[in-house]
Amino acid sequence: MDTHGFLYQLTEWIESLPDRPFMLLLFIMGGAMLFMPLGWLLRKLAQLAAGKTASLMGGAGEEEMQKLGAMIYGGAGNDGRIDGIPARFTTGPVTHEGTTIGYEAEFIYEVVNHLGIKLVVHRTGPLHRPLEFLPPEAPEVPESLKAAGYTLRCDPPELAAEAARKAAALGPFAAGGDLTEITLKDSELKARLYSDSDWEEGKLSALLKAGAAAARNFN
């Protein structure tokens, strides 16, 4: 007689799904459409999908998984929009030598950005400066970012004041965790956060919606 309970067997079966990516995708979508009451199950699947399935599929379907993350955590509709803004989201553990050392969350929004502004927000100080080529620092940094220890970079420089005004709405990301970086390039606004402990669902939901409201400033 099998001594393992039903939940144990179910968990084992779920963890085997990343080896069968198409079945995993069908299972997730079916669960989402049926509004499955087992929220923890969908969250676990979303994390597995974001980390493992995309690599197994060679990157194919990654955007669909990100849209699904926005649906599960941010209440996005079937069109992948939160309050009218196209949104994508992933979250999952950060591991080192097989040990979980933290948790990362990535928020992505599609914007019009008709002014062609390029923005980078990162923690103040040379040790926190990203290695890639960056636009010049803006002379004025929104208080919502500056108070949390972040600086703002903008290109073209003549739009720095306008960019700072719009970027003030990004403050919830600076206060929402260890902000790795916020970037705006072309039509994509992206924020990446890191946490030592696993994220609370309510916090992720609030950040997703706050990000959608901020993204509207660049339309």
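Criteria and thresholds
- Residues numbered from 1 in each chain as written.
- Predicted model: local features only at pLDDT ≥ 70, side-chain atom pairs only at ≥ 80, totals over all residues.
- Heavy atoms only, no water.
- Helix = DSSP H or I, 4+ residues; strand = E, 2+ residues; numbered from the N terminus.
- Expected span 1.5 Å × (residues − 1).
- Buried < 20%, exposed > 50% of the residue type's maximum accessible area, 1.4 Å probe, protein only.
- Contact = heavy atoms within 4.5 Å.
- Axes fitted to C-alpha atoms, helices over the stretch in contact; angles between N-to-C directions.
- Parallel < 35°, antiparallel > 145°, perpendicular 65-115°, else oblique.
- Nonpolar A, V, L, I, M, F, W, Y, C, P; charged D, E, K, R; others polar.
- Salt bridge = Lys/Arg side-chain N within 4 Å of Asp/Glu carboxyl O.
- Phe/Tyr/Trp six-rings, centres within 6.5 Å; stacked < 30°, edge-to-face > 60°.

## Looking at helix H8 (residues 201-215)
Helix length check: H8 (15 residues) gives 21 Å between terminal C-alpha atoms against 21 Å at 1.5 Å per residue, within 8%. Of all the positions in H8, only Leu 204, Ser 205, Leu 207, Leu 208, Gly 211, Ala 212, Ala 214 and Ala 215 are classed as buried. On its buried side, H8 packs onto helix H4 (62-74), strand S1 (81-82), strand S2 (85-96), strand S3 (99-110), helix H7 (171-175) and strand S7 (188-195).

## What about the packing of H4 against H8?
Viewed as axis vectors pointing N to C, H4 and H8 meet at an angle of 115°, and their least axial separation amounts to 9 Å. Classed by the angle they form, the pair H4 and H8 counts as roughly perpendicular. Only Glu 201, Leu 204, Ser 205, Leu 208 and Lys 209 of H8 make contact with H4, whose side of the interface consists of Ile 72, Tyr 73 and Gly 74. In terms of residue class, the contact of H4 with H8 is built from four nonpolar, two polar and two charged.

## Some details on the pattern of salt bridges
On inspection of all chains with the given rule, the structure shows eleven salt bridges. Two residues, Glu 104 and Arg 192, come together in a salt bridge whose shortest N-O distance is 3.8 Å. With Glu 104 in strand S3 and Arg 192 in strand S7, this residue pair connects regions lying 88 residues apart in the sequence. Via salt bridges that share partners, Arg 88, Glu 110, Glu 188 and Lys 190 belong to a single interconnected network.

## Quick word on the packing of aromatic side chains
One pass over the full model with this rule turns up three aromatic pairs. Relative to Phe 107, the ring of Phe 89 lies with its centre 5.0 Å away and its plane at 50°, an arrangement referred to as tilted. One end of the pair, Phe 89, is in strand S2; the other, Phe 107, is in strand S3, with 18 residues separating them in the sequence. Of the two residues, Phe 89 and Phe 107, both sit in the buried class. Through successive ring pairs, a cluster of aromatic residues spans Tyr 73, Phe 89, Phe 107 and Phe 173.

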